[in-house]
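Okay, here's what each chain looks like letter by letter:
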Amino acid sequence: QVQLVESGGGLVQPGGSLRLSCAASGSIFRIYAMAWYRQAPGKRRELVASIMSGGSTNYADFVKGRFTISRDNAKNTVYLQMNSLKPEDTADYYCNTIPYKPTYWGQGTQVTVSS
C-alpha cells in the first residue's frame, strides 16, 4: 500500500509561484507514473500534469508553460513547480498515480491565488 502526503500549498498573489511536494511511502514508488490533479470548488477533479517513471512529462493545456512536474525517486517525492499563477488555479491539489488509484488519494494541499 502506498500513502501520499501533499504539502506546499498556500495563499499567493496572481503572478506568484508555489512549489508543491508529494511524499510517497513504499519502496515501489519509482515504478509508478505519477500525476498532479486538482479540484476547484464546485468542479470535478482534473489532471494537471503527469510524469512517467522514466521522466517524460505531459501537461494540461491550461498549465503548459507555467507549471513543471518533476520527481526524485531517491526521495520518493514528486514536485509541482507552479509559476505565473492565476486566480483560476485556485483549487485543492492532489497527487496520485496514472491512472489514479482510488485508495491512494491523500488530503491534498490547498492553493489560493488572490490579491
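The structure presented is a predicted model; accordingly, all values stated were derived computationally and were not measured.

Chemist: Please provide a residue-by-residue account of the environment of Phe-67, values included.
Modeler: Relative to the elements of secondary structure, Phe-67 occurs in strand E7 (residues 67-72). Judged by its relative accessible area of 2%, Phe-67 is buried. Separated by 13 residues in sequence, Phe-67 and Leu-80 have C-alpha atoms that sit 6.7 Å apart. Aside from chain neighbours lying at most four places away, what touches Phe-67 is Arg-38, Val-48, Tyr-59, Leu-80, Gln-81, Met-82, Asn-83, Leu-85, Asp-89 and Tyr-93.

Chemist: Which residues make up the sheet that holds E7, and what values go with them?
Modeler: Strand order in the open sheet formed by four strands is E1-E3-E8-E7, and the pairing between neighbours is antiparallel. At either margin of the open sheet sits one strand with a lone partner, and together these are strand E1 (4-7) and E7. This sheet shows a mean twist of 15 degrees between the axes of neighbouring strands, independent of strand direction. With six bridges connecting them, E7 and strand E8 (residues 77-82) associate as antiparallel partners. Counted as the bridge partner of Ile-69 is Leu-80 from E8.

Chemist: Please set out the state of the cysteines residue by residue, giving values where relevant.
Modeler: Counted according to the given criterion, the structure contains one disulfide. Cys-22 shares a disulfide with Cys-95; S-S distance 1.8 Å. Between Cys-22 and Cys-95, the S-S dihedral sits near 55 degrees, and the bridge is therefore right-handed. Note that Cys-22 is positioned in strand E3 (residues 18-24) and Cys-95 in strand E9 (residues 91-97), a separation of 73 residues in sequence. By relative accessible area, which is 0% here, Cys-95 ends up buried.

Chemist: Kindly report on the pairing of E1, identifying the contributing residues and their values.
Modeler: Here E1 shows a buried face lined by Leu-4 and Glu-6 and an unburied face lined by Val-5 and Ser-7. Where E1 lies against E3, four bridges are found, and the strand directions are antiparallel. Within E3, the residue paired with Leu-4 across the bridge is Ala-24.

Chemist: So what's going on with the sheet that holds strand E2 (residues 10-12)? Which residues, and what values?
Modeler: Whenever strands of a sheet pair, they do so through backbone hydrogen bonds, lying parallel or antiparallel. Strands sit in the order E2-E10-E9-E4-E5-E6 across an open sheet of six strands; the sheet is mixed. Pairing within the sheet leaves two strands with one partner each, and these edge strands are E2 and strand E6 (57-59). On average, each strand axis in the sheet is tilted by 25 degrees relative to the strand beside it, whichever way the strands run.

Conventions we followed
- Residues numbered from 1 in each chain as written.
- Predicted model: local features only at pLDDT ≥ 70, side-chain atom pairs only at ≥ 80, totals over all residues.
- Heavy atoms only, no water.
- Helix = DSSP H or I, 4+ residues; strand = E, 2+ residues; numbered from the N terminus.
- Buried < 20%, exposed > 50% of the residue type's maximum accessible area, 1.4 Å probe, protein only.
- Contact = heavy atoms within 4.5 Å.
- Pairing = 2+ DSSP bridges.
- Axes fitted to C-alpha atoms, helices over the stretch in contact; angles between N-to-C directions.
- Disulfide = S-S within 2.5 Å.

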